[in-house]
Amino acid sequence: MSGYAFIMKSPEETIELGIKLGEKLKPGSVLTLEGDLGAGKTTFTKGIGKGLGVKKIVNSPTFTIIKEYEGNIPLYHMDAYRLEESDEDLGFHEYFEGEGVTVVEWAKFIQDMLPKELLRIEIYHQRESERRLILRPFGAFYESVCKELQDESTSD
């Protein structure tokens, strides 16, 4: 499946795209983040948080698995990396179907628990300071969000 590609030339551009995406999301939205180490997954999530009205600084949940942030819509930031060989149910469904937006890094480790409709985001190093973000929507809501983002980025 193809997706919607965006080239970010700085961390600030990555945050700005995250803000625009965050402003379009609704409670129960699920996003997965995959990509190169150090490519900007947490930076992008910081932007999503700002778009949701989160005031606290968003940082990586690597050692806690799930971090919750209050905003206009709550942000649930998960890191599933440490769950690679675990069958432990940490109540993911309550988050996925809850009142907030859930962002899951390393989602491949909990693939069987993810909802069918979600937005898959891949972030890769392009050049030294450039990143390539690919948004792959699964479901009509996410498809419309991606089209809006693409339309906005081409009109800038």
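Refer to the preceding data block for the structure.
All values derive from a computational prediction rather than experimental measurement.

A. Structural detail: the overall build of the protein chain. Along the backbone of the protein chain there are four helices and seven strands. Secondary structure elements in the protein chain, listed N-terminal to C-terminal, are β-α-β-α-β-β-α-β-β-β-α. Residues counted as buried form 49% of the 156 residues belonging to the protein chain. Within the protein chain, contacts between residues separated by at least 24 positions form 62% of all contacts whose residues are at least 6 apart in sequence. For the protein chain, the exposed surface amounts to about 8,300 Å²; the carbon and sulfur share of it is 47%.

B. Region of the structure containing the environment of Gly47. Tracing the chain through its elements places Gly47 in helix H2 (residues 41-51). Judged by its relative accessible area of 0%, Gly47 falls in the buried class. In the structure, Gly47 is positioned 24 residues away from Glu23 in sequence and 9.8 Å away in space, judged by C-alpha atoms. If we ignore the near neighbours within four places in the chain, the residues touching Gly47 are Ile15, Gly18 and Ile19.

C. Molecular detail of the sheet that holds strand S3 (residues 66-69). Taken together, seven strands build an open sheet; the order of strands is S1-S7-S6-S2-S5-S4-S3 and the sheet is mixed. Taken across any chain shown, the strands that pair with only one partner, and hence form the sheet edges, are strand S1 (4-8) and S3. This sheet shows a mean twist of 20° between the axes of neighbouring strands, independent of strand direction. Bridge count for strand S4 (residues 75-79) against strand S5 (residues 101-105) is five bridges, and the pairing is parallel. Within S5, the position partnered with Met78 by the bridge is Val104. Its contacts with the sheet put helix H1 (residues 11-24) on S1, strand S2 (30-35), strand S6 (118-125) and strand S7 (131-138), and the angle it makes with S1 is roughly 140°. With respect to the sheet, H2 is in contact with S2, S4, S5, S6 and S7, its orientation differing from that of S2 by roughly 155°.

D. Just the side chain of His77, in detail. Inspection of the secondary structure puts His77 in strand S4. At a separation of 2.7 Å, a polar atom in the side chain of His77 contacts the side chain of Glu105.

Parameters and conventions
Residues numbered from 1 in each chain as written. Predicted model: local features only at pLDDT ≥ 70, side-chain atom pairs only at ≥ 80, totals over all residues. Heavy atoms only, no water. Helix = DSSP H or I, 4+ residues; strand = E, 2+ residues; numbered from the N terminus. Buried < 20%, exposed > 50% of the residue type's maximum accessible area, 1.4 Å probe, protein only. Contact = heavy atoms within 4.5 Å. Areas by Shrake-Rupley, 256 points an atom, 1.4 Å probe, with all protein chains shown as cover. Pairing = 2+ DSSP bridges. Axes fitted to C-alpha atoms, helices over the stretch in contact; angles between N-to-C directions. Polar contact = N/O pair within 3.5 Å; in protein donor to acceptor, adjacent residues only side chain to side chain.

Just geometry here; none of it tells us what the structure is for.
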